[in-house]
Amino acid sequence: MRYVFSILILFLLVSPFAKAEGTSPAPTAAASPLASKPGDPLAEENVPVSATEPSAKAMRHYHTGNVWWWVRMTWGLALPALILFSGLSARLRDFARRLGWKWYFALCLYFVLLTLLNYGLSWPLDYYQGFVRPHAYGMSNQTFQKWFADSLKELAIISALGVLFLWLPYLLLKKSPKRWWLYAGLAMMPIYFFVQLIRPVVFEPLFNQFTPIENKVLETKILALAERAGIHGSRVYEVNKSVDTRTVNAYVTGFMGTKRIVLWDTMLKKLDERELLFVMGHEMGHYALGHVIKGILCLSALTLVAFYLIHRIATALLSRAQGRLGFDRLSDMASLPLIVLLMNLLSLILMPIGFAYSRHLEHEADRFGLEITHYNHSAATGFVRLQEENLSVPRPSFFYTLTRGTHPPIGDRIDFFNSYKPWEHGEPSRYESYFKPERSAKK
Ligand SMILES: [Zn+2]
C-alpha cells in the first residue's frame, strides 16, 4: 500500500487490527468434523510442532525488507519536507485558490494536486516495492497492468476520501484554532466506522472479486463452527487474490451489516481442512470478541493524541518560521505537508502502541480459535506453511516486532499452539461462555 504522503488517509484505508493470519498445513488425512468426542482423532492434535528455520531466501527477504523499511520511512519524511520547505505547497495553494472559486473547492483542488504530485514522485519507489520486489522473490503473480490499475484506483480512493473529509479538520482549524485537535480527533471516530462499514462493499470489490466460498462441504463446517461461536447468519467469502500474490491470508472486515470473513483463494489451496477451520476459529474470535470495534477505538485514541501533538508542535514551529513557509497558520491549507510530516514522524512513536494492542487482540483470537476447535497441532502446522509461503521469519528482531508487528511473531504463536490446552487439565477455557453448548456440526 502506498501511503508515504497520505498517512492521514491511510488511517482511513487500513484497519491494522482486522488482518488475520493464515495457518499452514502438513496435509493430514481426512479431517474429522468438529465434534470432538473423547478418544477420537483429535488425539493427533496433541503432537507438538516446531517452527522451521527460515530459508536463506526468507532471511534475505527479511534483511532487505528492513533496509526498505528505513528507505520508506525516510521518504515519508523527506517528501513532505521537500514540498513544504521549497515553498511548493504555498504555490500549489495559490494556484488552487485562483481556480477554485470557493474555499471548499480550492481545498479539494489543492489536495488532489498534492496527491497527484505524491503519486508521481513516489512512483519509482512504489513500483519497486510493490511490483518488482515481490516478483523477484517469487511471491507475486500480478501482471503489470493489474498492479498499475490498482495503484490508480488507490489514487482515486485517496482523492475521494480527501474530497469527502478533509474540509472537516480545516474548518475546525479555522473555527476553533485552540481546540480543533479535540473536535477533529473525536470526529475521526465516526469516520473510521463509516469507512470500515463501506470498505468491504465499496473499496475492496474494486481490487478483487469476492464470491461466496465455493467448497460447500467446507462452508457447512465453517457455518457450524460459527453457530458454535454464537455467530449467526455470518458470511464467508473467498477472494481471488491468486491474481495478485502467492502469499496466503484471511481476515475479518466490515462492521455491522457488512461484517464478513474473507479467505484468500491462495489459502484455500494450500491449507488442509483443520488448518483452515482453525483460521476460521481465529477469525470468529475477532468477530465474537468485538475486535473490529476495539481496533477502531484504539486507532481513534491514537489519532486524538497525534492531533494534539501536531497542534502543539506545529504552532510552535509556525511562530518561529514567521511566514517563511508561505503561510503562518495551521488553518491554511498549505499546511497539509507539515501535518503529514508530523503525522509520519509521530506514527513512529504511536504506531508501536497500536501494533502492541493489535498483537494482543491477535493473541486472544488465537486463544479463541484453539478453544473452539482444539486443533492445536493443525494450527501449528498451518503456521509453518504460512511462514514458508509468506517468506516470514518466525522470530524477528524486537525492533521489527515493535515497528511492524501487527501479529505476534509466528514462532511465538506456534509455541502457544503447542502449549495452550487448559482442557487437558480440566481447567476452564477463557471464552467458554461464548460457545453454544450443543454442537451443531453434523448437518
Ligand atoms: Zn487475526
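The preceding data block contains the structure.
In this text, all values refer to a predicted model and were calculated from it rather than measured experimentally.

Okay, the packing of helix α10 (residues 273-288) against helix α12 (residues 336-373) next. Closest axis-to-axis distance for the α10/α12 pair is 7 Å, and the angle between their directions is 120°. What the angle tells us is that α10 and α12 run oblique. Considering only the axes of α10 and α12, their crossing is right-handed. Mapping the contact onto sequence places Leu277, Phe278, Gly281, His282, Met284, Gly285, His286 and Ala288 in α10 and Glu364, Ala365, Asp366, Phe368, Gly369, Ile372 and Thr373 in α12. A per-class count over the contact of α10 with α12 returns seven nonpolar, six polar and two charged.

A word on the sheet that holds strand β4 (residues 260-264). One open sheet accounts for four strands, arranged β1-β2-β4-β3; its pairing is mixed. Bordering the open sheet on either side are β1 (210-212) and β3 (250-253), each of which pairs with just one other strand. Strand-to-strand, the axes of this sheet are offset by a mean angle of 35°, without reference to chain direction. Bridge count between β1 and strand β2 (residues 236-239): three bridges; the pairing is antiparallel. Among the inter-strand pairings, threonine 211 is bridged to a residue of β2, identified as glutamate 238. Packed on one face of the sheet, α10 meets β3 and β4 and runs near 20° to β3.

Another aspect to go through is the environment of arginine 260. Residue placement: arginine 260 occurs in strand β4. For arginine 260, a count of 19 C-beta atoms within 10 Å translates into the label partly exposed. When the C-alpha positions of arginine 260 and tyrosine 287 are compared, they lie 8.7 Å apart, and in sequence the two are 27 residues distant. For arginine 260, the contacting residues outside a window of four places in its chain are Pro200, Arg235, Tyr237, Thr253 and Gly254.

Next up on the list: α10. One turn of the α-helix equals 3.6 residues, which is why residues spaced by three or four share an orientation. Look at α10: 22 Å from first C-alpha to last across 16 residues, which is about the 22 Å you get at 1.5 Å a residue. Trailing α10 by a residue or two, glycine 290 shows a phi angle of about 70°, which is positive.

Take unusual backbone geometry next. For histidine 374, which is not a glycine, the phi torsion comes out positive at approximately 60°. On the secondary structure map, histidine 374 appears in the loop between α12 and α13 (376-389).

Ranked by size, the top nonpolar core spans 80 residues in total, and within it Tyr110, Leu225 and Met280 carry the most contacts. Counting residues per element, this core draws most heavily on α12, which supplies 14 residues.

Below, the discussion takes up the pairing of β3. In this structure, β3 lies alongside β4, joined through four bridges in antiparallel fashion. From the neighbouring strand, alanine 250 faces β4, where its bridge partner is leucine 263. The hairpin formed by β3 and β4 contains six residues between the paired strands, and glycine 254 there has a positive phi angle of roughly 80°.

Side-chain direction in a regular strand flips from residue to residue, so the side chains alternate between the two faces of the sheet. One ladder, built from four bridges, connects β2 with β4; its direction is parallel. Of the residues in β4, the one forming a bridge with valine 236 is isoleucine 261.

Attention now moves to helix α8 (residues 216-228). Helix length check: α8 (13 residues) gives 18 Å between terminal C-alpha atoms against 18 Å at 1.5 Å per residue, within 8%. Looking at α8, one finds that the buried residues are Lys221, Ile222, Leu223, Leu225, Ala226, Glu227 and Arg228. Looking at the packing, one finds that the buried side of α8 touches β2, α10 and α12.

Conventions adopted
- Residues numbered from 1 in each chain as written.
- Predicted model: local features only at pLDDT ≥ 70, side-chain atom pairs only at ≥ 80, totals over all residues.
- Axes fitted to C-alpha atoms, helices over the stretch in contact; angles between N-to-C directions.
- Helix = DSSP H or I, 4+ residues; strand = E, 2+ residues; numbered from the N terminus.
- Parallel < 35°, antiparallel > 145°, perpendicular 65-115°, else oblique.
- Left-handed = near helix turned anticlockwise from the far one by under 90°.
- Contact = placed C-beta atoms within 7 Å.
- Nonpolar A, V, L, I, M, F, W, Y, C, P; charged D, E, K, R; others polar.
- Pairing = 2+ DSSP bridges.
- Buried ≥ 20, exposed ≤ 12 C-beta atoms within 10 Å, placed from the backbone.
- Expected span 1.5 Å × (residues − 1).
- Core = buried A, V, L, I, M, F, W, Y, C linked by C-beta atoms within 7 Å.

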